Amino acid sequence: MKKAKQSIRCNYCGEVFGKIAIKRHLENCNVRKEQNPPGRELYYCIQVKGLYRKEYCMYLDASANASLKDLDQFLRDKWLECCGHLSMFSIGGETYDSHPDPYLMYERNRDMKAKLKDVLSEGLEFMYEYDFGSTTELVLKVLSVSLGVKRKERVVLMARNLPPVFACVECGEPATQVCAECSYEELALYCDECCKEHECGEDMMLPVVNSPRMGVCAYCGEDD
Ligand SMILES: [Zn+2]
Ligand SMILES: [Zn+2]
Ligand SMILES: [Zn+2]
Ligand SMILES: [Zn+2]
């Protein structure tokens, strides 16, 4: 499989940057500065990447008053949600579950009500898992902390990778479908024509989408 292109687009000004440059850009983007005048509310700049599919990345601006539940919902909406699976954050040796086991409540299994300001700090790296069967694992990092005016949205998408372009494994044309059955070790990608010939049948095909959960379970991309 060809290595996916690693370009990240700033959501404010639309310009595309490399992995290192985007971090500095987000702090200096003039369009972002205009939309986010200085204020007294605390915000975290959080980088999210697929643990095994690092070409997928997002840069989020999350209010310190947002909860882990808000962050969970954002990740589900943009990247993950297929059938309402369970999810979990692992932060500094603690776990925070979307559906905690009531019998373990006072041992380890916490829910996601905690506010970000109570669990995150600058430089902290933490993990997230969606679906404990066909798990999609993400690694998150608090890149910086800043002050801004109060706003309604708790989590805002600042930047995201451009959709990688994949080639059909049969003919080399741009792939549009991925076989969920064959995609365990390597993605089995096909164009619209070749997927009709594929032995697993068209029922097993999922659309090529811009997410580290592409080709997994029943994931069909974000609905908007
Ligand atoms: Zn920008
Ligand atoms: Zn599912
Ligand atoms: Zn093809
Ligand atoms: Zn297949």
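Above this text sits the structure in question.
Everything quoted here is computed from the prediction, not taken from an experiment. (Residues numbered from 1 in each chain as written. Chains lettered and ligands numbered in written order. Predicted model: local features only at pLDDT ≥ 70, side-chain atom pairs only at ≥ 80, totals over all residues. Heavy atoms only, no water.)

### Some thoughts on helix α3 (residues 68-80)
So, point 1. Taking 1.5 Å per residue, 13 residues should reach 18 Å; α3 reaches only 16 Å between its end C-alpha atoms and comes up short.
So, point 2. Of all the residues in α3, the buried ones are Leu68, Asp70, Leu71, Asp72, Phe74, Leu75, Arg76, Trp79 and Leu80. (Helix = DSSP H or I, 4+ residues; strand = E, 2+ residues; numbered from the N terminus. Expected span 1.5 Å × (residues − 1). Buried < 20%, exposed > 50% of the residue type's maximum accessible area, 1.4 Å probe, protein only.)

### Some words on the environment of Lys150
So, point 1. You can see Lys150 is positioned in the loop between β9 (136-148) and β10 (155-161).
So, point 2. Given the relative accessible area of 67%, Lys150 is considered exposed.
So, point 3. A sequence separation of 71 residues divides Lys150 from Gly221, and the C-alpha atoms of the two residues are 31 Å apart.

### Some points on the pairing of β9
So, point 1. Note: strand β3 (residues 41-50) against β9, ten bridges, orientation antiparallel. The residue of β9 that forms the bridge with Glu41 is Gly148.
So, point 2. Here strand β8 (residues 125-130) pairs with β9 via six bridges, running antiparallel. Along β9, the bridge assignment pairs Tyr128 with Leu138. (Pairing = 2+ DSSP bridges.)

### Points about the sheet that holds strand β4 (residues 57-63)
So, point 1. If you trace the ten strands from one edge of the open sheet to the other, you get β2-β1-β10-β4-β3-β9-β8-β5-β6-β7, paired in mixed fashion. Here the strands that pair on one side only, and so sit at the sheet edges, are β2 (16-17) and β7 (109-110).
So, point 2. Judged from the two bridges that link them, strand β6 (residues 94-97) and β7 form a sheet pairing that is parallel. Paired with Tyr96 across the strands is Arg110, a residue of β7.

### Considerations on the coordination of the zinc ion (ligand 1)
So, point 1. In the first shell of the zinc ion (ligand 1), the protein supplies Cys10 (SG), Cys13 (SG), His25 (NE2) and Cys29 (SG), at 2.0 to 2.3 Å from the metal.
So, point 2. Around the zinc ion (ligand 1) sit four donor atoms; with metal-centred angles ranging over 103 to 117°, the donor geometry is tetrahedral.
So, point 3. The sequence motif formed by the donor residues of the zinc ion (ligand 1) is C-x2-C-x11-H-x3-C. With Cys10 in strand β1 (residues 8-10) and Cys29 in the loop between α1 (21-28) and α2 (30-35), the pair connects residues that are 19 residues apart, well separated along the chain.
So, point 4. Given the relative accessible area of 2%, Cys29 is considered buried. (Donors = N, O, S within 2.8 Å, 3.2 Å for Na, K, Ca; no water. Tetrahedral: all angles 85-135°; square planar, octahedral: opposite > 155°, others 65-115°.)

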